[in-house]
Amino acid sequence: MSEQERRRREERALLEERGVNPYPYQWNVTARAAEILERFDDERHQPGEDGVAKEPFRVSIAGRILSKRVMGKASFFHVQDATGQIQVYIRRDDLPEGFYNQVFKKLLDIGDIVGIEGFVFRTRMGEVSVHAERLELLAKALRPLPVVKEVEGKVYNEVTDKEFRYRRRYVDLIINPEVREVFRRRARMITTLRRFLDARGYLEVETPVLQPVYGGASARPFLTHHNALDMTLYLRIADELYLKRLIVGGFEGVYEIGKDFRNEGLSRFHNPEFTMLELYVAYKDYFWMMDLVEEMLEHVAVTLHGAPEVTVGGRTISFARPWPRLPLFEAIERETGRDLYGKSRDELAAAAETLGLEIDETMGSGKIIDEIFGAFVEPKLIRPTFVIDYPVELSPLAKRHRSKPGLVERFEVICNGKELCNAFSELNDPDDQRARFEEQARLRAGGDEEAMQIDEDFLRALEYGMPPTAGLGVGIDRLAMLMTDQYSIRDVILFPLLRPEASAAAEGQATDENVHVFRDAEGWGWRFVRDDVATESSRFAKRDEALAEARRAAQSEGVEVVIDDEA
RNA sequence: GAUCCCGUAGCUCAGCUGGCAGAGCAUCUGACUUUUAAUCAGAGGGUCCCAGGUUCGAAUCCUGGCGGGAUCACCA
């Protein structure tokens, strides 16, 4: 514990000795900082010579102390509430005997949460402030807050360490107002989407996150286990198959905004859990859906920015309708000079190799086309663009194109070089769907861990008949990155996934019930203790090898793997 | 998974070719009743990420590890 933390605990004890509860129950807030600054009127509210205003502006506020300037028998400090900061002026002689010298000066710190009653005035230096007549501690902070100072727009001692900010987002939010603004804007964006869809009569629904069969996308899932039923469950990788069941059920427009989980790497565009909007509308096709997406995202941009233009990374991107609609193969031909439509797998592989891409045996034709698109086309598409008509191999849930053999009626919206939306005319022929699933099963047997599972119940639902349907998925986090001008997905997710802190692993969950991975002089190993009988592995040179073995052992024992913070 | 960069006080950071661990803010003591990065005088505070090596001597050099960031790969 640092000196400052020890001191704050002592202060708390001294407060308790004086009969002050460091954690009282409530405070009656009548005004917030931003609103006080806005409403203050010098004519009516500023006290005159006699110290009395025409109309005294009395307030009761609450917030966190962010700075403290003691000048003998009077002090100034800034308090921050949800709306911003306001200065408070406090004088010894306005408060009960001893309070100012013994409590305010000695026992209250930056970071403490306080309530203040008083009247609003403007100081000689011109800052609208609250003249405190009563001050009460509402919560004692035991850890010191990083002190960030700002003068004329220049910020001093700014906390720039990303790890600190992500691991202690609560501190980040206190000291970085622009971070609060990002998440407010994200919330406004989601509200705007919801209102847009509600206004059209679509039903917001919730479908299972825990699924016995996962599907709706190509991705590796997270596994979990249900004890009572003794069964493996998967965290959903997409909502799609359940939402389409609801279209079978007779709802004509359903949507869901929720988390999907994909057991894959992290990057500035990928977090293992992320937010997706999915929408399904009966009797519509992908052309109709393109119109809707344009209208919806233009509306979001205008609502958040007042105009369809959005600035991202110093570049202006317009969401104004209409957006270009570019067939996938045309886009590839435009950028590579090669017409790949209708080409065989081997011809595609040869083309890709002459373009400098590495192709291996396991890659099918759809995969090769996707590689070429990702390398040569996607990064070039900056303004929102519909890329349409994908190869059927890449799209096991999309309906075959009405006129172009080998393709499906599918579009992606690419914006700022990255996929933002994915949509299709939904496949509703149950036999074709079964054939597509079976093809996926073959890929799976061939080692493709991302191939889809056969979902028999979904096929049964289609056999009852699903109307023609248009479906859409929107990556909400990526849309939020665009709408808030953030470079990394971690900056639009409040608590992005990080490796656990070493101390957390050691203090938190380490029990003998689990398989422990450790490191000693001989290398990495694992051990497991049950009924005082220890099982210990031989040593591995690499942590990952020991970890993989430990996982196997843990799975067979039905326990967790714990990485010990030792050696 | 690969490559590069980073890890020093509560925060931001300096510390060169190896030689007593530093600054500003924060904290503590004192002064100061309209200050605002308040000011002035003083004080305390360190697992220099961890382990090993080289060396008379390591925050500094070397190796390995841990954590983070960036780029790439993977991933629609």
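Further up the page is the structure itself.
Residues numbered from 1 in each chain as written. Chains lettered and ligands numbered in written order. Predicted model: local features only at pLDDT ≥ 70, side-chain atom pairs only at ≥ 80, totals over all residues. Heavy atoms only, no water.

## Side note on the pairing of strand β12 (residues 253-261)
Applied cut-off: Burial classes: relative accessible area under 20% of the type maximum marks a residue as buried, over 50% as exposed, and values in between as partly exposed (1.4 Å probe, protein chains only). A run of H or I in DSSP counts as a helix once it spans at least four residues, and a run of E counts as a strand once it spans at least two, with each numbered from the N terminus. Strands qualify as paired when DSSP identifies two bridges or more between them.
Buried residues dominate β12, accounting for eight of its nine residues. In the sheet, strand β8 (residues 203-204) pairs with β12 via two bridges, with the strands oriented parallel. Bridged to Glu204 within β12 is Tyr255. Summarising the sheet, β12 and strand β13 (residues 273-282) pair through nine bridges and their orientation is antiparallel. For Gly253, the partnering residue across the bridge sits in β13 and is Val281.

## Description of unusual backbone geometry
Here Arg321 and Pro322 are connected by a cis peptide whose omega angle stands at -10°. Checked against the element boundaries, Pro322 lands in the loop between β15 (315-318) and β16 (325-327). A positive phi is found at Asp485, a non-glycine position, where the angle reads about 55°. With respect to the element layout, Asp485 can be found in the loop between α15 (476-484) and α16 (502-507).

## Digging into the pattern of salt bridges
The test is simple: One speaks of a salt bridge when a side-chain nitrogen belonging to Lys or Arg is within 4 Å of a carboxyl oxygen belonging to Asp or Glu.
Throughout the structure, instances matching the rule amount to 47 salt bridges. Among the salt bridges present, the one from Glu136 reaches Arg134, with a minimum N-O distance of 2.7 Å. Here Arg134 falls in the partly exposed class, since its relative accessible area comes to 34%. When salt bridges that share partners are traced, they join Arg7, Glu11, Asp109, Asp112 and Lys140 into one network.

## Concerning the nonpolar core
Selection criterion: Here, nonpolar core means buried Ala, Val, Leu, Ile, Met, Phe, Trp, Tyr and Cys residues that are tied together by side-chain atoms lying within 4.5 Å of each other. Throughout, a residue-residue contact means that at least one pair of heavy atoms, one from each residue, lies within 4.5 Å.
Grouped together as the largest cluster of nonpolar side chains are 50 residues, with contacts concentrated most on Val293, Leu297, Phe319, Phe411 and Leu472. It is helix α9 (residues 286-305) that provides the largest number of residues to this core, a total of ten residues. Those residues in contact with Leu472 that lie beyond four places of it in its chain are Leu277, Glu278, Leu279, Tyr280, Met289, Val293, Met296, Phe411, Cys421, Asn422 and Ala423. The next biggest cluster of nonpolar side chains, apart from the first, holds 42 residues, and it includes Leu340, Ala351, Tyr390 and Phe424.

## Description of the sheet that holds strand β2 (residues 74-81)
Note the following rule: Lines fitted to C-alpha atoms define the axes here, with helix axes fitted over just the stretch in contact, and angles between the N-to-C directions of these axes take values from 0 to 180 degrees.
Read around the closed barrel, five strands run β1-β2-β3-β5-β4, paired in mixed fashion. Neighbour to neighbour, the strand axes of the sheet diverge by 55° on average, direction disregarded. Two elements, strand β4 (residues 113-122) and strand β5 (residues 128-139), share ten bridges in a ladder whose sense is antiparallel. Bridge pairing links Gly115 to Glu136 in β5.

## As for helix α4 (residues 99-107)
Condition: Picture the helix axis, draw a direction to every C-beta atom, and the arc is the one those directions span.
Along α4, the residues that are buried comprise Phe99, Tyr100, Val103, Phe104 and Leu107. Taken down its axis, α4 places every buried residue within 145° of arc, on the same side. As for α4, its buried residues are in contact with α1 (3-17), β1 (58-71), β2, β3 (84-91) and β5.

## Section: the pairing of strand β18 (residues 407-415)
Extensive coverage of β18 is indicated by the burial of nine of its nine residues. Of the two faces of β18, the one carrying Leu407, Glu409, Phe411, Val413 and Cys415 and the one carrying Val408, Arg410, Glu412 and Ile414 are both buried. Examined bridge by bridge, strand β17 (residues 385-391) and β18 share six bridges and lie antiparallel to one another. Among the inter-strand pairings, Pro391 is bridged to a residue of β18, identified as Leu407. As paired elements, β18 and strand β19 (residues 418-425) share six bridges and run antiparallel to each other. Paired with Phe411 across the two strands is Ala423, which belongs to β19. In this antiparallel pair of consecutive strands, β18 and β19, the connection spans two residues, and Asn416 shows a positive phi of 55°.

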